[in-house]
Amino acid sequence: MKFGKIFKKQMVPEWVEAYVDYNGLKRILKQIRSHKQHSKLLTRVASTASQQAEALHRSFSGLSFHHRNSVGGGDIEDQVIKVDQQDDSDSHLNKLYKTKFLKKSDEFEECFFKKLDENLNKVNRFYREKVEEVLEEAALLDKQMDALIALRVKVKKPDDAINIDMVHGIDRTSIPEEEASHIVTDIVPVSHTDGEEEEAAGTGDKQDLHEILERVKMNDALESPMSTLKGFFGDSKTDEPISKKGLKKAEEQLRLVFSEFYQKLRRLKEYSFMNLLAFSKIMKKYEKIASRNASRNYMKTVDNSLIGSSDEVNRLLERVEVTFVKHFSSGNRREGMKCLRPKVKRERHRVTFFSGFFSGCSIALIVAVVFKIESRKLMEKDYGTAYMANIIPLYSLFGYIILHMLMYSANIYFWRLYRVNYTFIFGFKQGTELGYREVFLVSTGLSVLAFICFLLNLQFDMDWKTKVHNTLPEVIPLGLVTIVLFILFCPFNIIYRSSRVFFLRSLLHCICAPLYEVTLPDFFLADHLTSQVQAIRSLELFICYYGLGEYMQRQEKCHSHGVYNVFYFVVGVIPYWLRFLQCIRRLCEENESVHGYNALKYMLTIIAVIIRTAFELRKGRNWMILALVSSGVAICMNTFWDIVIDWGLLRRHSKNPYLRDKLLVPHKSVYFAAMVVDVILRVAWMQLVLEFNLKSLHKVAVSTIISCLEIVRRGMWSFFRLENEHLNNVGKYRAFKSVPHPFHYYDNDDTDDKDD
């Protein structure tokens, strides 16, 4: 594999603009090569013309002519360039590099080194910013570890006053003062200068643990329903009592903090290594093309720059490993490193095999179902339409789920193709995220199971009109639902348990909105639930059909029950109401007006759904007009929000007119087509209100088709929504999630307030 592809593959997606522009430099080298070839060609033509003129001159004058080559035999000067340093006007800590040619050069070579200098300055500036960030974060971890150790000692020995030196087995009284001043505990993964080490050893390490605990409180963000309710009712008591439960919670949080911090350090180390390698590769290419000995001189400058000479990251990595192994894995280095360095997920061939196998089985079962219906001429009989209207809503639930999973599988494929870091955006644990092959495998497996059950229903119910019949086939859909729910809630580590737990946790956060803090996976899932209203209503139908005994008569008369109709309204509104509550929570926490407008959008949609459902049950011209008006307003608002806010498109003054400045898909027509399709599929939502005269399709079939189109629209929306989120992260170089620290230190103002 060529280095350019390896370099691109190893990039942190959110830092892509901070890397060396390797491809851009290669393009300039191609221009240099073309210019050199053109120059050689002109030289060869001139030499040939000169030789011909000499021959012609000798033929006329008879004089001998000795040709003298004025060009040296390919000698290359040892020093071709000189790299000067100057202070950066933005920061006195940064050095700017500028290359000057000591020998004659063409404009393309000057352009190459100008761009090379720009990349070196960019890389050094970014690297310094990130190193300063990790040093600040390491200093915070210093205090967090002090508090954790103090809490551990307090829980184990609540009546003892033990200082940090005793925790580490250091007896400073038996050590000479000049030696004690150089002792630094290994609690903190932070890099100090010599003066800072002496200051830390002389002051911070001698603090009494009780004094530390007096200046510390447990962070209690409004992340759980109980803490949210306490905060809502004004309960300001946030101090976590000193207990084993509080200690365990703090340890779990710090494990996550250390793990994320370690990943950040590793990425920063890889960033340094890959950029140094890119500079080396591009300079070797330049030497080969330009025949100038400039690589050694320039690489010496690169090696002496910050990114080539800084060792802070390596020292931080070593200290994090030592600290984590000692305090979080009981000195077991293997277990500690397993937590810090999770294994990279491998693609398994059996997943691909079974995906293909289940896909083939699904196609064969579809053919079998169609053949069964046509061979018995079910649709031509009087009871055929009634039977299909009765059975399709029960199995359409699985169709919606399968289609949604297929769309999600396609999204993952294209996110990976265009390097959208969906695992970071969703917050998946490294090594546990599902790829598109795994999602496709689950969807095709469920498809096979659903079609087998549907085919069994057809086989057993062909003579269902007879008075004597068996009710066992009627419970087949219920058995299928039971199997799916058992797999979903199965506590055993089978069938992607970590992904199921992640889904159920996000689902719980959606259901309990606004009691939980709203994260992107939560509102992303809630948005998808709004596209599964018909699936949720199918679950309600299962409860009615089997709970009220309708399956015994093999007739679906749920709409004759008043309670069912009430819940028919409620179920249609629930997904939008949950999303509305999430927007209200974010509006209260973040104080951004955009969340208020988003809440208004969902309230308008709720009104439209209620009026539409009333028209569906009661009919009437007045209800139809109200449904059309409310649905039209909701559609306009939702379509505008999809395209402008969620996708970030329709920017008139962007580099790409009516799109946005940065695009991951190279073909702009894809974005315009997506906007048109989104509008069309949004309008299709009004199909049930307009009630077009479609003779070839039953109302149930029309409803099913429109619901499937909405799922397809949601899948398309998901790709561009995450693309826009990823580009926002790229613009802010946000590549790591922020994990809250378990302890908060009182500053002087906080202490004064506490005393008051």
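Residues numbered from 1 in each chain as written. Predicted model: local features only at pLDDT ≥ 70, side-chain atom pairs only at ≥ 80, totals over all residues. Heavy atoms only, no water.

Hey, could you run me through the side chain of asparagine 457 in this one?
Tracing the backbone through its elements, the reader meets asparagine 457 in helix 17 (residues 436–460). With residues near it in sequence (within four places) discarded, asparagine 457 still touches Tyr387, Ile391, Tyr395, Pro473, Glu474, Ile476 and Pro477. (Helix = DSSP H or I, 4+ residues; strand = E, 2+ residues; numbered from the N terminus. Contact = heavy atoms within 4.5 Å.)

I'm lost on the pattern of salt bridges in this one. Help?
Two side chains that carry opposite charge are able to pair once their charged atoms sit near each other. Considering all chains together, one arrives at 18 salt bridges under this definition. Between lysine 115 and aspartate 21 there is a salt bridge; the shortest N-O distance is 3.3 Å. Within this pair, whereas lysine 115 is found in helix 3 (residues 107–156), its partner aspartate 21 is found in the loop between helix 1 (3–10) and helix 2 (22–61), the two being separated by 94 residues in sequence. Assessed through its relative accessible area of 23%, lysine 115 is described here as partly exposed. Taking relative accessible area as the criterion, aspartate 21 reaches 28% and is therefore assigned partly exposed. Arginine 585 serves as the salt-bridge partner of glutamate 589, at 2.7 Å between the closest nitrogen and oxygen. Pair noted here: glutamate 589 and arginine 585 are both in helix 23 (residues 562–590), with a separation of 4 residues, about one helical turn. Connected through salt bridges with shared partners, the residues Asp642, Asp678, Arg682, Glu710 and Arg713 form a single ionic network. (Salt bridge = Lys/Arg side-chain N within 4 Å of Asp/Glu carboxyl O. Buried < 20%, exposed > 50% of the residue type's maximum accessible area, 1.4 Å probe, protein only.)

Could you clarify how one ought to interpret the nonpolar core in this entry?
Counting 74 residues, the largest nonpolar core has Phe112, Phe113, Met283 and Tyr286 as its most contacted members. The greatest single-element share of this core, amounting to 18 residues, is contributed by helix 9 (residues 244–290). If sequence neighbours within four positions are ignored, phenylalanine 112 has contacts with Leu25, Ile28, Leu29, Ile32, Ile282, Met283 and Tyr286. The next biggest cluster of nonpolar side chains, apart from the first, holds 29 residues, and it includes Tyr387, Leu397, Val481 and Tyr546. (Core = buried A, V, L, I, M, F, W, Y, C linked by side-chain atoms within 4.5 Å.)

I keep staring at the environment of methionine 299 and nothing clicks. Help me out?
If you trace the backbone, methionine 299 turns up in helix 10 (residues 295–304). Sequence-wise, methionine 299 and phenylalanine 279 are 20 residues apart; in three dimensions their C-alpha atoms are separated by 7.4 Å. Contacts of methionine 299, omitting those with residues within four sequence positions, involve Leu276, Phe279, Ser280 and Met283.

Explanation requested: helix 19 (residues 497–511) in the structure shown.
Residues spaced three or four apart along an α-helix face the same direction, because each turn holds 3.6 residues. End to end, helix 19 covers 21 Å across 15 residues, agreeing with the expected 21 Å (1.5 Å per residue, within 8%). Residues of helix 19 that are buried: Ser499, Arg500, Ser506, His509 and Cys510. Against the buried residues of helix 19 lie helix 18 (476–489), helix 20 (520–530) and helix 23. (Expected span 1.5 Å × (residues − 1).)

Help me out: how do you make sense of the UniProt feature "coiled-coil region" (unreviewed entry) in the chain in this one?
Following the UniProt record, the feature "coiled-coil region" (unreviewed entry) maps to residues 124–151 here. Within residues 124–151, the helical portion is 100% and the strand portion 0%, while the C-alpha atoms at the span's ends are 40 Å from each other. (UniProt positions renumbered as here; feature names shortened; annotations may be inferred.)

Help me out: how do you make sense of a nonpolar patch on the surface in this one?
On the surface, Ile483, Phe486, Ile487, Phe492, Ile494 and Ile495 cluster together to form a nonpolar patch covering roughly 580 Å² of accessible area. Counting through the fold element by element, phenylalanine 492 comes out in the loop between helix 18 and helix 19. Residue class for phenylalanine 492 comes out exposed when judged on its relative accessible area of 55%. (Patch = residues over 30% accessible without salt bridge, like charges linked within 9 Å, V, L, I, M, F, W, Y side chains within 5 Å. Areas by Shrake-Rupley, 256 points an atom, 1.4 Å probe, with all protein chains shown as cover.)

Can you walk me through the packing of aromatic side chains in this structure?
Where two aromatic rings form a pair, the distance of their centres and the angle of their planes describe that pair. In this structure the tally under the stated criterion is 41 aromatic pairs. Aromatic side chains tryptophan 415 and phenylalanine 426 sit 6.0 Å apart centroid to centroid with 65° between the ring planes, which places their arrangement in the edge-to-face category. Here the residue tryptophan 415 occupies a position in helix 15 (residues 384–417), and phenylalanine 426 occupies one in helix 16 (residues 422–426), the gap between them amounting to 11 residues. Overall, phenylalanine 426 belongs to the buried group, its relative accessible area being 6%. Grouped by ring-pair contacts, the aromatic residues Phe3, Phe7, Trp15, Tyr19, Tyr22, Phe126, Tyr127, Tyr271, Tyr733 and Phe736 constitute a single cluster. (Phe/Tyr/Trp six-rings, centres within 6.5 Å; stacked < 30°, edge-to-face > 60°.)

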